[in-house]
Amino acid sequence: MIKARLKASVAALAATVLFTGLSAGEAMAVPNSTKTFSLSGTYQGHTGYTEGYLYFYNRSVGITGTVKSNTTGCVQVVIAVHAGGRETDHQTRTACGRGTGTSTGFNYTASADIPGGADEVEINLAGLDGRGQIDAVITGGRYRP
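What counts, and at which threshold
Residues numbered from 1 in each chain as written. Predicted model: local features only at pLDDT ≥ 70, side-chain atom pairs only at ≥ 80, totals over all residues. Heavy atoms only, no water. Helix = DSSP H or I, 4+ residues; strand = E, 2+ residues; numbered from the N terminus. Buried < 20%, exposed > 50% of the residue type's maximum accessible area, 1.4 Å probe, protein only. Contact = heavy atoms within 4.5 Å. Pairing = 2+ DSSP bridges. Axes fitted to C-alpha atoms, helices over the stretch in contact; angles between N-to-C directions. Phe/Tyr/Trp six-rings, centres within 6.5 Å; stacked < 30°, edge-to-face > 60°. Core = buried A, V, L, I, M, F, W, Y, C linked by side-chain atoms within 4.5 Å. Disulfide = S-S within 2.5 Å.

### A look at the overall build of the chain
For the chain, the count of helices and strands is two helices and eight strands. Going from the N terminus to the C terminus, the chain shows its helices and strands as α-α-β-β-β-β-β-β-β-β. Out of the 145 residues in the chain, the part that is buried amounts to 37%. Of the contacts formed within the chain by residues at least 6 apart in sequence, a portion of 57% connects residues at least 24 apart.

Next up, the structure:
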């Protein structure tokens with residue numbers, strides 16, 4: 001009787017996975033570690049902050065958070081993922097203030113397609129000049145799994 005119930009349960013699970021299109025690995029993916037980040041500061045007239053979470057997986061990093069400008073200028077978060085001693089992903093997100101400041105959210109998966117995944121994620125908060133170029137690094141940090 002127990003074997004019959006077990007077979008029925010396994011069949012039901014297999015049908016669910018087949019029906020939803022998820023493989024067993026996708027359905028059960030959990031991060032190896034999770035880190036929070038929070039950077040803020042003022043430098044050369046630029047004031048802002050960024051905060052969020054890093055989810056370290058075997059061959060990728062889930063990155064979610066927000067960047068906010070607290071002034072009329074623009075600030076940018078610069079995120080670089082390193083795996084196996086080299087940069088595997090580099091992205092930026094920008095927020096520009098309109099007197100009271102604005103924020104920009106982000107949520108993406110960065111590649112770290114090397115066995116073991118990312119060695120570290122480097123995050124910098126920078127101020128932008130009138131042409132959209134970085135003219136001041138406000139603060140930065142390195143995060144390891």
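Having seen it, we continue.
### A word on the sheet that holds strand S7 (residues 120-128)
Taken together, four strands build an open sheet; the order of strands is S5-S4-S7-S8 and the sheet is antiparallel. The sheet is open, and its two edges are formed by strand S5 (86-96) and strand S8 (134-143), each paired on a single side. Each strand of the sheet is rotated relative to its neighbour by a mean of 20 degrees, with strand direction disregarded. Two strands pair when backbone bridges link them, and S7 and S8 are joined in this way by eight bridges, in the antiparallel orientation. Following the sheet pairing, Ile123 is matched in S8 by Gly141.

### Regarding the packing of aromatic side chains
Under the counting rule described, the total for this entry stands at two aromatic pairs. Measuring from ring centre to ring centre gives 6.2 Å for Phe37 and Tyr143, while their planes differ by 55 degrees; the resulting arrangement is tilted. Residue Phe37 is found in strand S1 (residues 33-43), and its partner Tyr143 is found in strand S8; the two are separated by 106 residues along the sequence. Overall, Phe37 belongs to the buried group, its relative accessible area being 3%. Residues Tyr53 and Tyr55 carry aromatic rings whose centres are separated by 6.2 Å and whose planes lie at 25 degrees to one another, so their mutual orientation is stacked.

### Structural notes on the nonpolar core
Ranked by internal contacts, the top residues of the largest apolar core, which has 24 residues, are Leu54, Ile63 and Ile123. The set of elements that each furnish at least two residues to this core consists of S1, strand S2 (46-56), strand S3 (60-69), strand S4 (74-83), strand S6 (102-111), S7 and S8. With five residues, the top contributor of residues to this core is S4.

### Digging into the pairing of S7
Judged by how many residues are buried, S7 sits mostly within the fold: eight of nine residues are covered. Relative to S7, S4 runs antiparallel, the two being bridged by nine bridges. Bridged to Val77 within S7 is Leu125. Linkage of S7 to S8, two consecutive antiparallel strands, is achieved through a turn of five residues, within which Gly132 is found at a positive phi near 85 degrees.

### Topic: the state of the cysteines
Going through the model one piece at a time under the given rule, you end up with one disulfide. Bridging Cys74 to Cys96, the disulfide has an S-S length of 2.0 Å. Judged by the sign of its S-S torsion, about 110 degrees, the bond between Cys74 and Cys96 is right-handed. Here Cys74 is found in strand S4, whereas its partner Cys96 is found in strand S5, with 22 residues between them in sequence.

Geometric values such as these leave the question of function open.
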